[in-house]
Amino acid sequence: MGPHPAVAAIRLAVRRVLHDILNDHSSSSGDTSSSDDSPHERPPSPLVLVACSGGADSMALASALAFEAPKLGIRAGGVTVDHGLQPGSDLRAEEVALRLRGLSLDPVESVAVTVGREGGPEAAARDARYAALDAAADRHGALAVLLGHTRDDQAETVLLGLARGSGIRSLSGMAAVSGGPGAARRYRRPFLQLDRQTARKACMVQALPVWDDPHNADPAYTRSRLRHEGLPALEKALGKGVVEALARTAQLSRDDADALDSWASQAAAAVRDAAGLLECAKLYALPPAVRRRVLRRAAIEAGAPAGSLFARHIEEVDRLITGWRGQGAINLPGKVVAQRQGGRLVIRQG
């Protein structure tokens, strides 16, 4: 008799991702093994870490990694991050670390971080968490870090992007593969096609203890309100299947956004003159979606912080191309200035 269907589903998802990680590693490093290598000369087994909060999603992920990794010759480790936002959070993090060690993960770390205020509490906590995970991956030389985001998380992310009106890239949600500093494919999300209930069921049938973060039910947080009020209201109004439809929208939007980004990357060189300045006439001839991507890229290259550069900024710069009436320079984040001069668009530090 095989494992419970929920356990089989999470293990299959993790197995597929581990195969992808090994394939990426082989492609980047080349196959340098030879038949006469001695065991002492072989490089250490590759390491994959799981980021674990102790919740059902990440505990299910940790258990699947612990089961699948040894069969592929991969070492499995874990990292839990203490955000310090709740009383006793340090003890909770140590308890999660003990659970990870109980699954035979090694190495296991509990990392404490200081959460700032920039961008709001949720964004600040996320930034601190990823910085800690990047540092842990670098410290241990891990090939990848697995994250427990589910299809439900993806649906919530799409709705948050829709509410911000940030464009198709926000609607694309979370990527199955994304990067950190110096590691373009570090983060892997095996569960984006699985629902939250599957992960919780897998923990239950394996008798894995889980911790439900009270912040996930706190209406002070936007995502919590969306999870407990917004999505249920949508499902009541539109019927079941909203989560699946939103997750599908994310993938379709990501495909479209990737194609437009590729087009913009090629167009960016073609719209510059011999001196490297952007030619307004050539910019005007581009489709709006491509032109705005070229403008955003130019602003970031000039020093505007990507996280502070919003759609309204790019729209103002775009009007220098499409609605030129002699208006003055546009001030952008990072002390970057965009202005039209003699048929050229100049974007530089002010």
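Presented here is a report on the structure given in the accompanying data block. Starting from 1, residues in each chain are numbered consecutively following that chain's sequence as written. Whole-chain, interface and lining totals are the exception, using all residues; otherwise, since this is a predicted model, local features are given only for residues with pLDDT of at least 70 and side-chain atom pairs are given and counted only at 80 or more. Side-chain measures here rest on the full set of heavy atoms in the structure, leaving out hydrogens and waters.

Considerations on helix H4 (residues 121-140)
Next up, step 1: Going along the chain from the N terminus, every DSSP run of H or I of four or more residues is numbered as a helix, and every run of E of two or more is numbered as a strand. Here the expected span of a helix is defined as 1.5 Å times the quantity of residues minus one. A rise of 1.5 Å per residue sets the reference length of H4, with its 20 residues, at 28 Å; its end C-alpha atoms lie 29 Å apart and thus fit the reference within 8%.
Next up, step 2: Ala123, Ala124, Ala125, Ala128, Ala132, Leu133, Asp134, Ala136 and Ala137 are the residues of H4 that are buried.
Next up, step 3: Positioned one or two residues after H4, Gly141 has a phi angle of 70 degrees, which is positive. Only protein chains enter the calculation, and the probe is 1.4 Å; a residue is then buried if its accessible area is under 20% of its type maximum, exposed if over 50%, and partly exposed in between.

Observations concerning the pairing of strand E2 (residues 75-82)
Next up, step 1: Counting buried residues along E2, seven of its eight residues qualify, which places the element largely inside the surrounding structure.
Next up, step 2: Two strands are said to pair when DSSP picks up at least two bridges between them. Alignment of strand E1 (residues 47-51) against E2, held across five bridges, turns out to be parallel. The partner of Leu47 across the bridge, within E2, is Arg75.
Next up, step 3: Between E1 and its parallel partner E2, the chain crosses via helix H2 (residues 56-68), and the hand of that crossover is right-handed.
Next up, step 4: Here five bridges tie E2 to strand E3 (residues 108-112), and the two strands are oriented parallel to one another. By the bridge assignment for E3, Gly78 is matched with Val108.
Next up, step 5: One crossover worth recording links E2 to the parallel E3 by way of helix H3 (residues 89-102), and it is right-handed. Here, the term right-handed applies to a crossover whose path from the first strand over the helix to the second runs clockwise when the strands point away from the viewer.

Things to note about the nonpolar core
Next up, step 1: Residues Leu18, Leu65, Leu105, Leu146 and Phe191 are the most contacted members of the largest nonpolar core, which totals 36 residues.
Next up, step 2: For this core, the secondary-structure elements that each account for two or more residues are helix H1 (5-29), E1, H2, H3, strand E4 (144-146) and helix H7 (196-205).
Next up, step 3: Sorting elements by how many residues they give to this core places H1 first, with nine residues.
Next up, step 4: Excluding anything up to four places from it in sequence, Leu65 contacts Val14, Leu18, Val48, Leu49, Val50, Pro70, Ala76, Gly77 and Leu146.
Next up, step 5: Residues Ala264, Val294, Leu295 and Leu309 belong to the second largest nonpolar core, which totals 27 residues. Working definition of a nonpolar core: buried Ala, Val, Leu, Ile, Met, Phe, Trp, Tyr and Cys residues. They are joined through side-chain atoms within 4.5 Å. Every residue pair with non-hydrogen atoms within 4.5 Å of one another is taken to be in contact.

What to know about the side chain of Asp57
Next up, step 1: Position of Asp57 relative to the elements: it lies in helix H2.
Next up, step 2: Under the convention used here, Asp and Glu are negative, Lys and Arg are positive, and both His and the chain ends fall outside the count. Here, a salt bridge means any Lys or Arg side-chain nitrogen found within 4 Å of an Asp or Glu carboxyl oxygen. The side chain of Asp57 is buried and forms no salt bridge, while Arg196, the nearest opposite charge, is found at 4.1 Å.
Next up, step 3: Residue contacts for Asp57: discarding those within four places in its chain leaves Gly148, Thr150, Asp153, Phe191, Arg196 and Ala199.

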